[in-house]
Amino acid sequence: MSSRTTSFSITRPQLSRRPSVSSRLSFAVSTVERGEGAGRDAPAEQQIEEEIAEIKRYEDFTTIDWVQDAAQERLRRKARRRKNAGSFDQGKVSWRYKLWESYDAAQGWIVVTLIGAAIGLNAAFLNIVTEWLSDIKMGYCTTAFYLNENFCCWGEDNGCDHWHRWTGFEPANYVLYIMFATLFAFTSAILVKSFAPYAAGSGISEIKCIIAGFVMKGFLGLWTLIIKSIALPLAIASGLSVGKEGPSVHYAVCTGNVISRMFDKYKRNASKTREILSACAAAGVGVAFGSPIGGVLFSLEEMSSYFPLKTMWRSYFCALVATAVLAAMNPFRTGQLVMFQVKYDRSWHFFETVPYIFIGIFGGLYGAFVIKWNLRAQAFRKKYLTKWAVLEATLLAAGTAIICYPNVFLRIDMTESMEILFLECEGTEDYQGLCDNDKRWGNIMSLLLATIIRIFLVIISYGCKVPAGIFVPSMAIGASFGRTVGIIMQAIYHAHPDSAFFAACQPDEPCITPGTYAFLGAAAALSGIMHITVSVVVIMFELTGALTYILPTMIVVGVTKAVSDLFGKGGIADRMIWFSGFPFLDNKEEHNFGVPVSAVMTHDVVAIPVHGMTLKSIEDLLKQPKYQGFPIVEDLSTKILVGYIGRTELRYAIDRLQRDRAITISPDARCNFSPPALSAVTPITPTVTVSNADYMTSSVDFSRYVDATPVTVHPRLPLETVMELFRKIGPRVILIEHHGKLSGLVTVKDCLKYQFKAEAAENPRDDREITESYERLWGMIKRVAGWVSGKVASASGGRIRLGGADERRGNGNTQIMDGDEDVADDGVELENR
């Protein structure tokens, strides 16, 4: 029977010992820059790269390999230069080429301008809607129903005749307040659950991981942006102890992701997308606090693990545009970008350093206390309340309204309360006798009670399934505590004005300004909960514009930082990353494990030989979801390392082969994974060689998809150095080889697992008592729910029965996710550690 060949075969290249790590990295870059599909194959080569990139974009819960991404970007630039070579006319650059070059160079600035304008418009819309919804709980405007109290009584300090309470009967107003709060929270939770589950929470923890390279499909999508923008004002207006400043970062990054995807330059380029997302995070903080420079520093200090100079300029420009648009919209009609913006025209005295230090200590203790107990509340929520997310948010809002209404400082919106607490007493309105010396001790008790209640509410509210931030609640807590300290200092001064301690005070002007203490308390609480320093100082400076108070702010934040570090490193966002099991190596932490990488690596590695495996065997391997890639070895006995092939590339190659071939490839076809030689021209598609008519001895060449230069290290390399490699160059996997032989592989997940075990060994703890307390609390909740259900059923004659099916399916066993596994679930599950 005659032989028939459908494509050319590739001669097996001579295999030799692999060069050093540095030379392989250089070869990877230079190979890509030369372009392996040169000449007529360039368009098809580029098409393959784009198709693989598009597939990777939709792979959920995987990590981006920044080494491959950088190499592919150079390949795209090379292909683009070849494509534009025809733009030269008789050796001269044509006007079309100049125009294209100008557009390409300005495309990044065009994108950040559009994104910044969209973020500013969205922020103005959210501010206006939030203020109206917050005021509508208390009353309405008779001249125009759509006006909030400030606009209805424009120019008046203490209300006006046009603003009416709902009724003249105070208990009825109390009931209406609770009903509005409950309705807003219920609507927000239903929207999140039904249309965009990722819109819940703050989003800062997940965005930090996404900027670092973790893929979460849909987290930055259009639906998440829409639902976050609608549900956020409802959640804030419900009175829940949550803020909009954290979620503002999320909707800003969603805006950047949606708009940048409209441009080809960013659609399939992860590294450039990361640059845009960092800029959007800066703009989100900029519009939240009216602080563009503070937003840039926040993105640098908290959000981005990689922040080059170009990214800083883009972040600055995006934050500038967003803040300028917000200022042009002027949502409060006062020229202020945020409601609690304030100006101070008095200086401070050196003796006030003592209460400033006390406020700083409070900020550190507050952060440590809230982080510890909020994580326990999150663990309880994950274990018992996952299927009751909407009911939980609704009951939390109702309970918050019942508790907060009697307290004048808890009843109003948190941003409005900060505006009141920040103000000086002279020349401004006196809210509920706050500046009245006769009511001084009553105000102190009311403020202390507001501080304690708000701390409790923040612990149980942050993390419920509505858009929820923790910036403003923390600042409100710090402001109420700081104002308390300020009032006490003022009382001491009035009682002992001739004391030597107050010798610096001038007799003809106020000595103590309680509003500045509230301002510094807000800075301390924000620094304590987030563990950030420089950005807090700049944000607070931009809020006040007072150069005089930069030094007190630095003192307070410095003390807060020192106290916070005594109770553990990492703010609430970092601890939530740890709690959620995201594959994130924090560059703030320093480790000294004292072990080589061989103690951490995976030894039992499934490798693919260069020759010998059948197509059916390869497809069987791909059916196992736990493998995200395979090392290529000469043979399974010697395990001489030759290269690496990713799961995505291999799956794509097989699908493309089956799609493009007119004949059916035999499952017993032999597969070749020989990496290309330096001077070889590699075919751009898998090639098939058939040696007889029944196709039983056909072979398939996958050489084009093999990465001949994976990142490899020696087994004795310290684990700390390997973790630095993951942080700095960002590979998905690092192979371990000894004298050219494959010894194992290591991923971020392996490093984190060892880190958790080492930390647990250093600080052993027994969680049985905590688990038992969870069980007792859950039993009490069920008994109360059963009693209420029975009373309702009895009162209605059995016609109304409370209860229902699970809102969400139960959780399975979970793990740290890093791209070594496919997760078939709607969201990221948490892990108890």
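Above this note sits the structure.
All of these numbers come straight from a predicted model, not from anything done at the bench. Residue indices begin from 1 for each chain and proceed along its sequence in written order. Whole-chain, interface and lining totals are the exception, using all residues; otherwise, since this is a predicted model, local features are given only for residues with pLDDT of at least 70 and side-chain atom pairs are given and counted only at 80 or more. The basis for the side-chain values is all heavy atoms of the structure; hydrogens and waters are excluded.

Participant: Whenever I open this one, the nonpolar core confuses me. Can you help?
Facilitator: Here is a general trend for soluble globular proteins: nonpolar side chains tend to be buried in one another's company. In these notes, a set of buried Ala, Val, Leu, Ile, Met, Phe, Trp, Tyr and Cys residues joined through side-chain atoms within 4.5 Å is what counts as a nonpolar core. In this scheme, a residue with accessible area under 20% of its type's maximum is buried, one over 50% is exposed, and one in between is partly exposed, where area comes from a 1.4 Å probe on protein chains only. Membership of the largest hydrophobic core comes to 141 residues, with the highest contact counts inside it found for Tyr366, Phe422, Met530 and Met540. Apart from the residues within four sequence positions on either side, Met530 is in contact with Phe298, Glu302, Phe471, Gly571, Ile572 and Ala573. Core analysis: the next-biggest nonpolar cluster, separate from the first, contains 25 residues, Met613, Leu621, Ala669 and Tyr705 among them. It only takes one pair of heavy atoms within 4.5 Å for two residues to be counted as in contact.

Participant: Help me understand the packing of helix α11 (residues 270-289) against helix α13 (residues 309-329), please; the structure alone is not making it clear to me.
Facilitator: Helices that pack against each other are described as a pair by the angle of their axes relative to one another and the distance between those axes. Comment: axis = line fitted to C-alpha atoms, over the contacting stretch for helices; angle = value between 0 and 180 degrees taken between N-to-C directions. Each helix is a run of H or I in the DSSP string that is no shorter than four residues. Each strand is a run of E no shorter than two, and both are numbered from the N terminus. Running from N to C, α11 and α13 point in directions that differ by 40 degrees, and their axes come no closer than 8 Å. Taken together, the axis directions place α11 and α13 in an arrangement best described as oblique. Of the two elements, α11 crosses α13, and the hand of that crossing is right-handed. Across from Lys272, Glu275, Ser278, Ala279, Ala282, Ala283, Gly286 and Val287 in α11, the residues of α13 making contact are Lys310, Thr311, Arg314, Ser315, Cys318, Ala319, Ala322, Thr323 and Leu326. Here the residues of the contact of α11 with α13 sort into 8 nonpolar, 5 polar and 4 charged. We call two directions roughly parallel when the angle between them is under 35 degrees, roughly antiparallel when it is over 145, roughly perpendicular when it lies between 65 and 115, and oblique otherwise. For any pair of crossing helices, the crossing counts as left-handed if the nearer helix is rotated counterclockwise from the farther one by less than a right angle, and right-handed if it is rotated clockwise. Only Asp, Glu, Lys and Arg are considered charged, only Ala, Val, Leu, Ile, Met, Phe, Trp, Tyr, Cys and Pro nonpolar, and every remaining residue, Gly among them, polar.

Participant: Where do I start with the packing of aromatic side chains in this structure?
Facilitator: Under the pairing criterion, centres of Phe, Tyr and Trp rings, with the six-membered ring standing for Trp, must be within 6.5 Å; the plane angle then separates stacked pairs below 30 degrees from edge-to-face pairs above 60, leaving the rest tilted. Counting across every chain of the model gives 32 aromatic pairs. By the ring-pair criterion, three or more aromatic residues cluster together here, those being Tyr140, Trp166, Phe180 and Phe184. Only lysine NZ and arginine CZ atoms are considered, and such an atom sits over a ring when it is within 6 Å of the ring centre and within 35 degrees of the ring normal. Just above the ring of Trp109 sits the side chain of Arg314; from NZ or CZ to the centre is 4.8 Å. Positioned over the ring face of Tyr705 is Arg704, at 5.1 Å from the centre of the ring.

Participant: Mind showing me how you'd approach helix α27 (residues 748-762) here?
Facilitator: Side chains of residues three or four places apart in an α-helix project in the same direction, reflecting 3.6 residues per turn. Here α27 is 15 residues long and its end C-alpha atoms lie 21 Å apart, about the 21 Å a rise of 1.5 Å per residue gives. Regarding α27, the residues found buried are Val748, Lys749, Asp750, Cys751, Leu752, Gln755, Phe756 and Ala758. The elements touched by buried residues of α27 are α23 (572-580), α26 (719-728) and β13 (741-746). Take the number of residues in a helix, subtract one, and multiply by 1.5 Å to get its expected span.

Participant: Sorry, what's going on with the pairing of strand β12 (residues 734-738) here?
Facilitator: Walk down a regular strand and you will see the side chains alternate between the two sheet faces. In terms of residue burial, β12 counts as a mostly covered element, since 4 of its 5 residues are buried. Any two strands with at least two DSSP-identified bridges between them are counted as paired. Note: strand β11 (residues 712-713) against β12, 2 bridges, orientation parallel. Looking at β12, one finds that Thr712 is bridged to Leu735. The definition of a right-handed crossover adopted here requires that, viewed with the strands pointing away, the path from the first strand over the helix to the second runs clockwise. Each parallel crossover has a hand, and for β11 linked through α26 to β12 it is right-handed. Relative to β13, β12 runs antiparallel, the two being bridged by 5 bridges. Paired with His738 across the two strands is Lys741, which belongs to β13.

Participant: Teacher, can you tell me more about unusual backbone geometry here?
Facilitator: Peptide bonds are, in most cases, trans, and in most cases residues other than glycine have a negative phi. Look at His531: it is not a glycine, yet its phi comes out positive at around 60 degrees. With respect to the secondary-structure elements, His531 resides in the loop between α20 (514-530) and α21 (534-544). Not every positive phi belongs to a glycine, and Lys639 is a case in point at roughly 55 degrees. If you trace the backbone, Lys639 turns up in the loop between β6 (629-633) and β7 (641-646).

Participant: Explain the sheet that holds β13 here, please?
Facilitator: Backbone-to-backbone hydrogen bonds join strands into a sheet, with any given pair of strands oriented parallel or antiparallel. If you trace the 3 strands from one edge of the open sheet to the other, you get β11-β12-β13, paired in mixed fashion. Only two strands of the sheet have a single partner each, and these edge strands are β11 and β13. Along the sheet, α26 contacts β11, β12 and β13; its crossing angle with β12, the most-contacted strand, is approximately 140 degrees.

Participant: Honestly, the environment of Gly521 in this entry has me stumped. Any pointers?
Facilitator: Mapped onto the elements, Gly521 comes out in helix α20. Under the relative-accessibility criterion, Gly521 is labelled buried at 0%. Sequence separation between Gly521 and Ile359 is 162 residues; the distance between their C-alpha atoms is 5.9 Å. Apart from residues lying up to four places away in sequence, Gly521 is in contact with Ile359, Gly478 and Ala479.

Participant: How should I be thinking about the state of the cysteines in this particular structure?
Facilitator: Covalent bonding between the sulfur atoms of two cysteines defines a disulfide. Any pair of cysteine sulfurs within 2.5 Å is marked as a disulfide. Taken as a whole and assessed by the stated rule, the structure comprises 2 disulfides. Linked covalently through their sulfurs, Cys505 and Cys511 form a disulfide whose S-S length is 1.7 Å. On the accessibility criterion, Cys505 (11% relative accessible area) is buried.

Participant: Is there a simple way to explain the environment of Ile632 in this structure?
Facilitator: Looking at the secondary structure, you find Ile632 in strand β6. C-alpha of Ile632 to C-alpha of Pro609: the two residues are 23 residues apart in sequence and 5.7 Å apart in space. Residues in contact with Ile632, not counting those within four places in the same chain, are Ile608, Val610, Ile640, Leu641, Val642, Gly643, Tyr644, Ile645, Phe673 and Val706.

Participant: What is the right way to look at the sheet that holds strand β5 (residues 608-609) in this model?
Facilitator: Taken in spatial order, the 3 strands line up as β5-β6-β7 in an open sheet, and their pairing is mixed. Looking at the sheet topology across the chains shown, the edges are occupied by β5 and β7. As paired elements, β5 and β6 share 2 bridges and run parallel to each other. Paired with Pro609 across the strands is Val633, a residue of β6.

Participant: What exactly am I supposed to notice about the pattern of salt bridges here?
Facilitator: Close approach of charged atoms lets side chains of opposite charge pair. Salt bridges are defined by distance alone: a side-chain nitrogen of Lys or Arg within 4 Å of a carboxyl oxygen of Asp or Glu. Per the counting criterion, the structure on display carries 14 salt bridges. A salt bridge links Glu275 to Arg314, with the shortest nitrogen-to-oxygen separation between them at 2.5 Å. Taken together, the residues span a long stretch of sequence, with Glu275 in helix α11 and Arg314 in helix α13 at a distance of 39 residues. You'll find Glu275 and Arg314 in the same group, each marked buried. With a closest N to O distance of 2.6 Å, Glu392 and Arg381 form a salt bridge. Here Glu392 is found in helix α15 (residues 389-404), whereas its partner Arg381 is found in helix α14 (residues 353-384), with 11 residues between them in sequence. As far as the burial class goes, Glu392 and Arg381 line up, both buried. Here the residues in one salt-bridge network are Lys208, Glu302 and Asp574, joined through shared partners.

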